[in-house]
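Residue-level structure breakdown
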Amino acid sequence: MSEYRDICTDGLWKQNIVFSQILGMCPTMAVTTSGTNGLGMGLATTAVLLVSNALVSSVRNVTTPQVRIPVYIVLIACLVTLVDLGINAWMHDLYKVLGMYIALIVANCAVLGRAEAFAARKPVLQSAMDGLWMGLGFTFALTTIGLCREFVGQGTLFSQASLLLGPSFSFLEINALPGYGGTLLMILPPGGFLTLGLLLAAKQAWERHQAARASAAPPLPMAPAAHCGG
């Protein structure tokens with residue numbers, strides 16, 4: 001259980017694709033103009049990571065080292081094509097917003113990186129869990145950046161969620177600042193870099209604070225030694 005707990009914490013925080021590994025910057029900067037866009041892109045990438053890790057782990061013992069990378073890329077490309085067609089069929093409005101960035105999941109270094117670094121060396125269940133939690137960590141990062149940019153830029157949270165993701169997501173839509181004119185800079189590309197930099201600085205500051213607290217904590221008292229009767 002400790003190994004699965006480590007997989008969970010690594011994916012969400014310690015080895016977060018965006019906040020720790022600084023990978024997937026193209027979709028991170030391009031689609032995070034709102035929390036809804038970030039959530040949709042993150043969930044699509046999570047689906048690809050989950051299934052690709054499981055498939056790569058399944059074929060790792062029958063794939064020679066010389067052709068492993070082309071095999072991984074073909075598997076990932078097939079999965080991305082299925083996700084792309086599925087979003088186009090069932091979430092067409094979201095598809096029109098995300099556009100080519102869904103297809104570019106194939107070129108996301110994080111997807112191929114997890115296949116090579118983890119799934120090619122671990123059993124199927126652990127690889128699937130790694131893909132799931134890495135994807136959820138990526139979704140968390142994209143949604144957080146999107147919400148920050150959307151809140152400052154428009155004064156809303158998860159705008160058009162019911163239109164892009166479906167009517168069941170309408171409860172997410174919040175007009176936090178009615179009458180707010182918005183800050184255009186946060187919706188433009190510079191706002192993405194500014195938001196990412198501030199969030200990275202906040203994460204580093206929090207981790208340093210936690211490390212300082214841990215090092216300053218007093219040592220645990222030693223248990224008294226047992227005495228033998230003489």
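Quick caveat, the model's predicted, so the values are computed rather than measured. (Residues numbered from 1 in each chain as written. Predicted model: local features only at pLDDT ≥ 70, side-chain atom pairs only at ≥ 80, totals over all residues. Heavy atoms only, no water.)

In this section: the environment of Leu164. Its location among the elements puts Leu164 in helix 9 (residues 161-164). Exposure remark for Leu164: the relative accessible area of 5% places this residue in the buried category. Taking the C-alpha atoms as reference points, Leu164 and Gly38, separated by 126 residues in sequence, lie 11 Å from one another. Ignoring any residue separated from it by four or fewer positions in sequence, one finds Leu164 in contact with Thr36, Asn37, Met91, Asp93, Leu94 and Val97. (Helix = DSSP H or I, 4+ residues; strand = E, 2+ residues; numbered from the N terminus. Buried < 20%, exposed > 50% of the residue type's maximum accessible area, 1.4 Å probe, protein only. Contact = heavy atoms within 4.5 Å.)

This brings us to the layout of surface pockets. To find leftover empty space, one rolls a probe the size of a water molecule over the atoms. Of the pockets and cavities examined, the largest pocket occupies roughly 150 Å³. Every residue along the wall of the largest pocket is listed here: Gly40, Leu43, Ala44, Ala47, Val83, Ile87, Met91, Leu94, Leu165 and Phe169. Looking at the lining of the largest pocket, the elements that each hand over two or more residues are helix 3 (35-59) and helix 4 (68-90). The dominant element in the lining of the largest pocket, judged by the number of residues it contributes, is helix 3, at 4 residues. (1 Å grid on protein atoms, 1.4 Å probe; cavity = no way out; pocket = protein on both sides within 12 Å on 5 of 7 lines; lining within 4 Å. Points joined across faces, edges and corners; volume = space filled by probe spheres on them.)

Where helix 8 (residues 124-154) meets helix 11 (residues 189-216), the closest approach of the two axes is 10 Å, and the angle between their N-to-C directions is 120°. By the angle class used here, helix 8 and helix 11 are oblique. Both helix 8 and helix 11 take part in a crossing whose hand is right-handed. Judged by residue contacts, Thr144, Ile145, Cys148 and Arg149 of helix 8 engage Pro189, Gly191, Gly192, Thr195, Leu196 and Leu199 from helix 11. The class makeup of the residues in the contact of helix 8 with helix 11 is 5 nonpolar, 4 polar and 1 charged. (Axes fitted to C-alpha atoms, helices over the stretch in contact; angles between N-to-C directions. Parallel < 35°, antiparallel > 145°, perpendicular 65-115°, else oblique. Left-handed = near helix turned anticlockwise from the far one by under 90°. Nonpolar A, V, L, I, M, F, W, Y, C, P; charged D, E, K, R; others polar.)

A full pass over the atoms with the stated rule returns 2 aromatic pairs. With a centroid separation of 5.7 Å and an interplanar angle of 80°, the aromatic rings of Trp13 and Trp206 are classed as edge-to-face. With Trp13 in helix 1 (residues 2-14) and Trp206 in helix 11, the pair connects residues that are 193 residues apart, well separated along the chain. Among the residues examined, Trp13 registers a relative accessible area of 30% and is labelled partly exposed. In this structure, Lys203 is placed above the aromatic ring of Trp13, and the distance from its NZ or CZ to the ring centre is 5.0 Å. (Phe/Tyr/Trp six-rings, centres within 6.5 Å; stacked < 30°, edge-to-face > 60°. Lys NZ or Arg CZ within 6 Å of the ring centre and 35° of its normal.)

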